[in-house]
Amino acid sequence: FAALPPPPVWKRMLADPSKPLHLDLGCCEGEFVLQMAALHPEVNFVGVDIRQRVVARAQLWAEETGLPNVCFVEANIQPGALARLLE
């Protein structure tokens, strides 16, 4: 396995990292995550996918919506990666 990347800095990615967190592993282009974030502003939503291209597109759409409770992360969920992602 490749070395694990550093964990995301959540306070830079989400307006209020203290809110409950919903992860969507294998989020593709993030349509479900974006809809849920719009419906539930009291929860943070993080979409995770291994493909950089779709994560970049999803993050662009998230920025266009202006929703402060959603972001997307490129990651390969391998042994130990999920715990590191949530540090």
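Just above sits the structure.
Residues numbered from 1 in each chain as written. Predicted model: local features only at pLDDT ≥ 70, side-chain atom pairs only at ≥ 80, totals over all residues. Heavy atoms only, no water.

### So, the sheet that holds strand 1 (residues 21-25)
The following threshold applies: Any two strands between which DSSP finds at least two bridges are classified as paired. Under the DSSP-based scheme used, a helix requires at least four consecutive residues in state H or I and a strand at least two consecutive residues in state E, with every element numbered from the N terminus. A fitted line through C-alpha atoms represents every axis, and for helices the fit uses only the stretch in contact; the resulting angles, taken between N-to-C directions, go from 0 to 180 degrees. Pairs of residues are marked as contacts when any of their non-hydrogen atoms sit within 4.5 Å.
An order of 1-2-3 is seen for the three strands of this open sheet, with the pairing classed as parallel. Of all the strands in the sheet, the pair left with one neighbour each is strand 1 and strand 3 (70-74). Strand-to-strand twist of the sheet, defined as the mean angle between neighbouring strand axes without regard to direction, takes the value 20 degrees. Direction of pairing for strand 1 relative to strand 2 (residues 44-49): parallel, over a ladder of five bridges. Bridge pairing in strand 2 links Leu-21 to Asn-44. Strand contacts of helix 3 (residues 52-65): strand 2 and strand 3, with the helix running at about 165 degrees to strand 3, the strand carrying the most contacts.

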